[in-house]
Amino acid sequence: MNTNAKLYNLGIRENATCYLCGSDVEDLNRLFFNCNYSQKVIDLIGEWSTLNIPYTDTVRWRLSRNGSKEDKGILNAILNACLYHIWHQRNSSRVELCLLRPQSLLARINSEMKTRFMAIAKSFGNRQGRLLTSLIGDMNEDEDDS
């Protein structure tokens, strides 16, 4: 991925500053895991998902999470959507010079995940189906609060 740090080192960019938070050098680790903007988005994901994703240990949590294959798939889908949308927002902010509030980005992630979860909830077993239904319910509550 062409972060500002990489492009700066190649002589393509004049600086390596993070587009999302405007502070520090934008490398992959900073962009996804140490940027204040990214941290806020992931914290918000943890709040609505009822899965209590610990921001500071996101990668370790993702790799070591105990549970069924379906549970891991659900958790990975949420984190992957979050990282995708952070990257997309980074690119959009660079071109459009406009940055969505973390709550607005959460609403986009929420909508995408709700659609995906509704499509697969019936194919899961009872426990995973209940987890997905619970997440969809939490997402609906968040939409009502907006």
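Residues numbered from 1 in each chain as written. Predicted model: local features only at pLDDT ≥ 70, side-chain atom pairs only at ≥ 80, totals over all residues. Heavy atoms only, no water.

- Per an unreviewed UniProt entry, the protein chain goes by the name Reverse transcriptase zinc-binding domain-containing protein and belongs to Saponaria officinalis.

Side note on the overall build of the protein chain
So, point 1. Assigned secondary structure in the protein chain consists of seven helices and zero strands.
So, point 2. Taken from the N to the C terminus, the helices and strands of the protein chain come in the order α-α-α-α-α-α-α.
So, point 3. Sorting the 146 residues of the protein chain into buried and exposed places 40% on the buried side.
So, point 4. When contacts within the protein chain are restricted to residue pairs at least 6 apart in sequence, those whose partners lie at least 24 apart make up 54%.
So, point 5. With an accessible surface of roughly 8400 Å², the protein chain has 49% of that area assigned to carbon and sulfur atoms. (Helix = DSSP H or I, 4+ residues; strand = E, 2+ residues; numbered from the N terminus. Buried < 20%, exposed > 50% of the residue type's maximum accessible area, 1.4 Å probe, protein only. Contact = heavy atoms within 4.5 Å. Areas by Shrake-Rupley, 256 points an atom, 1.4 Å probe, with all protein chains shown as cover.)

Observations concerning the nonpolar core
So, point 1. Grouped together as the largest cluster of nonpolar side chains are 24 residues, with contacts concentrated most on Leu20, Val41, Ile45, Cys82, Ile86 and Ile109.
So, point 2. Mapped onto this core, the elements with two or more residues apiece are helix 2 (28-34), helix 3 (36-49), helix 5 (69-96) and helix 6 (102-120).
So, point 3. Here this core takes eight residues from helix 5, the largest share from any one element. (Core = buried A, V, L, I, M, F, W, Y, C linked by side-chain atoms within 4.5 Å.)

Here's the deal with the packing of aromatic side chains
So, point 1. Inspection of the entire model under this criterion finds two aromatic pairs.
So, point 2. Three or more aromatic residues joined by ring pairs make a cluster, and in this case those are Phe32, Phe33 and Trp87. (Phe/Tyr/Trp six-rings, centres within 6.5 Å; stacked < 30°, edge-to-face > 60°.)

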